[in-house]
Protein chains: 4
Amino acid sequence: MTSVAVAGCTGYAGGELLRLLVQHPQTEIGALTAGSSAGRRLGELQPHLTPLADRVVEETTVETLSGHDVVFLALPHGTSAAIARELGDDVVVIDCGADFRLTDAAAWQRFYGTEHAGSWPYGLPELPGQREQVAGATRIAVPGCYPTTATLALAPAVSSGLVDGHDVVVVAASGPSGAGKSLKPHLLGAELMGSASAYGVGGVHRHVPEICQNLALLGAQDPTVSFTPVLVPMSRGILATCTAPLADPTTSTETARGVYAEALAEEPFVTLLPEGQWPQTQSVLGSNTVHLQVAVDAAAGRLVAVAALDNLTKGTAGGAVQCMNLALGLPETLGLPLVGVAP
Amino acid sequence: MTSVAVAGCTGYAGGELLRLLVQHPQTEIGALTAGSSAGRRLGELQPHLTPLADRVVEETTVETLSGHDVVFLALPHGTSAAIARELGDDVVVIDCGADFRLTDAAAWQRFYGTEHAGSWPYGLPELPGQREQVAGATRIAVPGCYPTTATLALAPAVSSGLVDGHDVVVVAASGPSGAGKSLKPHLLGAELMGSASAYGVGGVHRHVPEICQNLALLGAQDPTVSFTPVLVPMSRGILATCTAPLADPTTSTETARGVYAEALAEEPFVTLLPEGQWPQTQSVLGSNTVHLQVAVDAAAGRLVAVAALDNLTKGTAGGAVQCMNLALGLPETLGLPLVGVAP
Amino acid sequence: MTSVAVAGCTGYAGGELLRLLVQHPQTEIGALTAGSSAGRRLGELQPHLTPLADRVVEETTVETLSGHDVVFLALPHGTSAAIARELGDDVVVIDCGADFRLTDAAAWQRFYGTEHAGSWPYGLPELPGQREQVAGATRIAVPGCYPTTATLALAPAVSSGLVDGHDVVVVAASGPSGAGKSLKPHLLGAELMGSASAYGVGGVHRHVPEICQNLALLGAQDPTVSFTPVLVPMSRGILATCTAPLADPTTSTETARGVYAEALAEEPFVTLLPEGQWPQTQSVLGSNTVHLQVAVDAAAGRLVAVAALDNLTKGTAGGAVQCMNLALGLPETLGLPLVGVAP
Amino acid sequence: MTSVAVAGCTGYAGGELLRLLVQHPQTEIGALTAGSSAGRRLGELQPHLTPLADRVVEETTVETLSGHDVVFLALPHGTSAAIARELGDDVVVIDCGADFRLTDAAAWQRFYGTEHAGSWPYGLPELPGQREQVAGATRIAVPGCYPTTATLALAPAVSSGLVDGHDVVVVAASGPSGAGKSLKPHLLGAELMGSASAYGVGGVHRHVPEICQNLALLGAQDPTVSFTPVLVPMSRGILATCTAPLADPTTSTETARGVYAEALAEEPFVTLLPEGQWPQTQSVLGSNTVHLQVAVDAAAGRLVAVAALDNLTKGTAGGAVQCMNLALGLPETLGLPLVGVAP
């Protein structure tokens, strides 16, 4: 058994990590830590974690986190580096925050406004070369939920050259759990139910450089992305509509689907739906599965790829557990649900 | 007082027409007609129309519709022409269906597969020249809800030349009321709640030619639109994210906002929000108001315009009443709510 | 024209008051005041109030509120008395808060824990004698949203003696807007969407003594109420299921319906639905209408009455405007929507 | 490995059975059958069952169902008997429908209007004696979702004599998945979202006799139940508020909680929350866990018990798998999630 600690256990990412880890056959849950909630019963803060209800939340310190095989960090941006530095090199540290995702210090500085902490192996095993990198790593940066969705939607197209990664347009509908358990007026239920709204429009969202970094890694030269997130009334889920100009405007949907089918044939978590069937977030709710579909819009000269995933599972905690499995040499899919909770 | 009849009073568009007409100071509600529901109390079928609950639904025939000053048609596609032909030329006939929206018979044939019935004055008064056309008309085709949203979002940009109308990308989140009261499995509540899904992807949605027609009317040469509708869990509302390559990549957000502010200064129903505030559908729910915002994404070289409206009000029935007001020489805003039902 | 001021214009009750007052033909909107938001544009805080977007929020003081014919108070509990005392006796002051609802000082003390401020005419015109009291009043206490719903559901039964008001059980599903725009974790969208939860269970909710007070006013001797509010995923609306032991266990549904029909015949805002049709909140959303249905459960020996209303409209702001109309001698229904925004 | 077949695999109960069975370590999924959908890929009809997407649905016949160790029936009412009769006595047949739940033929006749098929061991292991009955059974009737919720909420109180089972009032909020994938207008998403509605009011719901049967089994003499189901906007989940007159009106909440704590101490799926914490359906979504809380309302002289569960999991398919585990001699909790998918 592998002992794991979760720092930031009272937030949405921390709660989802624990939902998955409780059901994981190879992990033993150790310290559960947080900031201001230290000392409280976990059941008060995460009532869905029934089997852990009587566990007491400890303070997030190097001491409480030490002595585990794996430490998951689900902390506010900018706080992971100090902790990670103090944990032994043999401990597998998996960061669900943004701190170590970007390789470009200038991009970090521009979007986050603080000093760059560095970069860790990027925990998106579906990217070329990443499965291998993660397998040997003791420090792993879990991707952002939007970049995971957009990257997986476009990866086969970019790496095959169907599209070249310039002038990509991504509009992603998402539930508010991605914003965390923050007490902000626009995240109140009365504001969100029955309403859709755009935010972070015009290239200012922090996930833009991460999407570009991934497209470059897939082979795009100077990728550009117009990215608009849209908040919609569902707790979880991202549905990303991603379009890009076709390199060859005569490409057919059949050709595009063939490229995708081949690229995804061996991926355990990414499924190309049959022609004509389009992804819906409900189908992947609570699972680590991604549903994809792709079509050519001949009149517009664009490829349209749509991906659905659960932002807390494959988009955060499920992706993190997938990386843990790889880092520990366990089967990549161990303990990860493949079936969504629908309807 | 103006006597009005509503054909198709049992559907969502018909219900919304009646919600507005009950509160309109210059209309008197005459015949309410439908197909298979003829003979039933309206209150059984549209329980929200309390003041009309005891009205009995009549059959949709030329006879029941005759003798009114205005006839609204909220009927299935393909059925308006036969009825309109039989109603007198002096009767104002306002069609909420698609039959008379497209001017291009080939486009109609391609997307609807039936013979083109012709085209009527297009009921989007905010388009150049349309307010005048509608004012003198006795036949008016109310635009589709998605084309209304996308067109209003982009109109100032296209007509001013900020963008030229090629390579437009529109992704629009919408509630299911736009699909009507159809008994289809994917429209069941259990399927939709907690889920987002794309449909009509890849240029096949019937609203594509209508959006292109509008962009051309605004001055675009050979416009192209990649359009993806996304169903999200709210009864009503459309939030459209519309992006297009900037004609001049150095255009600033300030310049774009200035163009929009000037273009919309006199529009009673379309409001440009202050800089930094983005539209949300809740703010316009049940109203005839459209909220707009626009920004430049310099890195992507694209203008991003976001519009929110209520698909049943400004997107259908409110737009229809606005046209009725113009056709009858009444104040354009008469009887139309400007304030959304929020939260 | 009547000049009105709204204190607490940035909350949900204040926003709804303004939505209704903007459309009211006899009011002119004067000072809009709040606490910490003073100095900001209203459009930032209440984006749905498009026509008032550029109004600047003033501080809530006696000075800003003075000089109006009517002052609406939508303030935190315990703050109305001090302000009301300073406003002239000829000013109509309508309090949407709880301060002046209860006549029993001991009940106030027990449920609110502060000193009782006194009681004002109770603004539920549908109660016997209240329409007349409100008509002559310059101080009016608007009922709580749950008491409005439960009282209207049971009033014909209690006043006719169908039930005697003891052992009443009320379970009411409600959206979170009734809790106000409070930054509390359990009101976050991610917590509420897809979830139902009970709160204030076991007789501790502050609306219990108000419901009992109303049942007594209707003629019940020592009424008792088991009241459980249930939070459900919709922004607005209350659906209250109210049951009580039948005084005569042989009462039929037909008899009960007859009693209700007679009692409600002249009420402009309370509608008994036809037999077999049960209320739904959507039908009354945004309107001042209440939908009722009643049946006898012979095996259980109980009357079951179900009422639906919009907690912000008839349950708060619409009820307040109804009272203003009465107090000013205007038609009771003036400016109040009767048709819900459905679907 | 145990081979299992699922008849009615295209509905919501069938889909949930398969979601659980895919993750169950001791089952091998055999025939998947349905009526009119026979011949289609399961992935078209149940897109969330990704690992089974390519399975082809067979027709529901004795032949297709034969040869399995366990057959789950998730069929329309009235169709199970004919099939069960033809399956061998050694096959474990678990019926998710109503056919074999009621022991009283007259009650069946009154509520279902057809001839009574008989009764099978009742699959609610938490009832006294039922765990043992189910353990030896090859025919098991899975309880209805509402009866499961109400019974579990009240069981400790009734069996201990805190309440005697007369004049019970149950109001249960539920999502529409309990109504199945039926194409009925009131189940459309546009009708349900943003709305709460009561149905089956006044003692006419078919689950009333089943609740009474369970209360009698717990020791109640002539139990009576006023039961009102309320449809609310969430796909899944039931929150039942259950009240009953206290046998001894001086009973304290502490005493009641003590009774519940003792009664539930060994139950793997039913959890009494700590004092002051009330159940919410989100916490148990997708899990087989039930959350309970209980309080005394001294002024009303009633016990109030609130239970939350997932109608498709513990309320149907999870309960069915729990019964299968018992019938096969497997650990009762095997393969059943204990943690809800929240937020």
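Residues numbered from 1 in each chain as written. Chains lettered and ligands numbered in written order. Predicted model: local features only at pLDDT ≥ 70, side-chain atom pairs only at ≥ 80, totals over all residues. Heavy atoms only, no water.

*Asks:* What exactly am I supposed to notice about the packing of helix H1 (residues 12–22) of chain C against helix H11 (residues 313–327) of chain C here?
*Replies:* Helix packing for two helices is described by the angle between their axes and how far apart those axes are. Residues and elements named next belong to chain C. Relative orientation of the contacting elements H1 and H11 amounts to 50°, with a least axis distance of 9 Å. It follows from the interaxial angle that H1 and H11 lie oblique. The two elements H1 and H11 cross, and the hand of that crossing is right-handed. Between H1, through Ala13, Glu16, Leu17, Arg19, Leu20 and Leu21, and H11, the contact on the second element is made entirely by Thr313, Thr316, Ala317, Gly318, Ala320, Val321 and Met324. (Axes fitted to C-alpha atoms, helices over the stretch in contact; angles between N-to-C directions. Helix = DSSP H or I, 4+ residues; strand = E, 2+ residues; numbered from the N terminus. Parallel < 35°, antiparallel > 145°, perpendicular 65-115°, else oblique. Left-handed = near helix turned anticlockwise from the far one by under 90°. Contact = heavy atoms within 4.5 Å.)

*Asks:* Looking at this structure, how should I read the UniProt feature "domain: Semialdehyde dehydrogenase NAD-binding" (unreviewed entry) in chain A?
*Replies:* In the UniProt entry, the feature "domain: Semialdehyde dehydrogenase NAD-binding" (unreviewed entry) is given for residues 3–135 of chain A. Helix makes up 30% of residues 3–135 of chain A and strand 17%. Its end C-alpha atoms lie 18 Å apart. (UniProt positions renumbered as here; feature names shortened; annotations may be inferred.)

*Asks:* Please explain the pairing of strand S7 (residues 168–174) of chain D as it appears in this structure.
*Replies:* Successive residues of a regular strand alternate their side chains across the two faces of the sheet. Residues and elements named next belong to chain D. Summarising burial for S7: seven of the seven residues are buried, a large majority. The alternating pattern of S7 places Val168, Val170, Ala172 and Ser174 on one face and Val169, Val171 and Ala173 on the opposite face, and all of these are buried. In terms of strand pairing, S7 meets strand S9 (residues 225–231) through seven bridges, oriented parallel. Bridge assignment links Val168 to a residue of S9, and that residue is Val225. The sheet contact formed by S7 and strand S10 (residues 238–245) spans six bridges and is antiparallel. Across the sheet, the residue bridging to Ser174 is Ile238, located in S10. (Buried < 20%, exposed > 50% of the residue type's maximum accessible area, 1.4 Å probe, protein only. Pairing = 2+ DSSP bridges.)

*Asks:* Where do I start with the sheet that holds strand S3 (residues 58–59) of chain B in this structure?
*Replies:* Backbone hydrogen bonds are what pair the strands of a sheet, in a parallel or an antiparallel way. Residue and element names in this part refer to chain B. The parallel open sheet is built from six strands, whose spatial order is S3-S2-S1-S4-S5-S6. Strand pairing shows two members of the sheet lacking a second neighbour, S3 and strand S6 (139–141), which therefore form its edges. Where strand S1 (residues 2–7) lies against strand S4 (residues 70–73), four bridges are found, and the strand directions are parallel. Considered in S4, the bridge of Val6 is made with Phe72.

*Asks:* Whenever I open this one, the interface of chain C and chain A confuses me. Can you help?
*Replies:* Frequently, the measure chosen for interface size is the accessible area removed from exposure when the parts meet. If you look at the interface, chain C gives 18 residues, while chain A gives 18 residues. Between chain C and chain A, roughly 1,500 Å² of surface is buried when both sides are summed, and carbon and sulfur atoms account for 70% of that area. At the surface where chain C touches chain A, the tally comes to zero salt bridges. Linking chain C with chain A are eight residue pairs in polar contact (both at pLDDT 80 or more), by the criterion used here. Here the side of chain C that touches chain A takes four residues from helix H8 (residues 189–192) of chain C, the largest share from any one element. In terms of residue class, the side of chain C that touches chain A is made up of eleven nonpolar, four polar and three charged. (Buried area = accessible area lost by both parts, 1.4 Å probe. Salt bridge = Lys/Arg side-chain N within 4 Å of Asp/Glu carboxyl O. Polar contact = N/O pair within 3.5 Å; in protein donor to acceptor, adjacent residues only side chain to side chain. Nonpolar A, V, L, I, M, F, W, Y, C, P; charged D, E, K, R; others polar.)

*Asks:* Mind showing me how you'd approach the interface of chain B and chain A here?
*Replies:* Listed as interface residues are 40 residues of chain B and, on the opposing side, 40 residues of chain A. Summed over both partners, the interface of chain B with chain A comes to about 3,100 Å²; 60% of that surface belongs to carbon and sulfur atoms. Of all residues in chain B, the largest losses of buried area upon contact with chain A belong to Ala196, Val201 and Gln282 of chain B, amounting jointly to 14% of the total for that side. Our count for the contact surface shared by chain B and chain A stands at two salt bridges. Close ionic contact of Arg302 of chain B with Asp167 of chain A constitutes a salt bridge, the shortest N to O distance being 2.7 Å. One can count twelve residue pairs in polar contact (both at pLDDT 80 or more) joining chain B with chain A. When contributions to the side of chain B that touches chain A are tallied by element, the ones reaching two or more residues are strand S7 (168–174), helix H8 (189–192), strand S8 (197–198), strand S9 (225–231), strand S10 (238–245), strand S12 (290–297) and strand S13 (302–309) of chain B. Ranked by the residues each element gives to the side of chain B that touches chain A, the list is headed by S9 of chain B, at five residues. In the side of chain B that touches chain A, the residues fall into 22 nonpolar, 13 polar and five charged.

*Asks:* Would you explain the sheet that holds strand S4 (residues 70–73) of chain C in this entry?
*Replies:* Judged by pairing direction, the sheet is parallel, and its six strands sit side by side in the order S3-S2-S1-S4-S5-S6 (chain C) without closing on themselves. Where the open sheet ends on each side, the last strands, each with one partner, are strand S3 (58–59) and strand S6 (139–141) of chain C.

*Asks:* Even after reading the chapter, I still don't get the state of the cysteines, so can you show me in this structure?
*Replies:* Note: disulfide means a covalent bond formed between the sulfur atoms of two cysteine side chains. Residues and elements named next belong to chain A. Inspection of every chain in the model, using the stated rule, returns zero disulfides over all chains. There is no disulfide at Cys212, and the cysteine sulfur nearest it, in Cys242, is 12 Å away. By relative accessible area, which is 19% here, Cys212 ends up buried. (Disulfide = S-S within 2.5 Å.)

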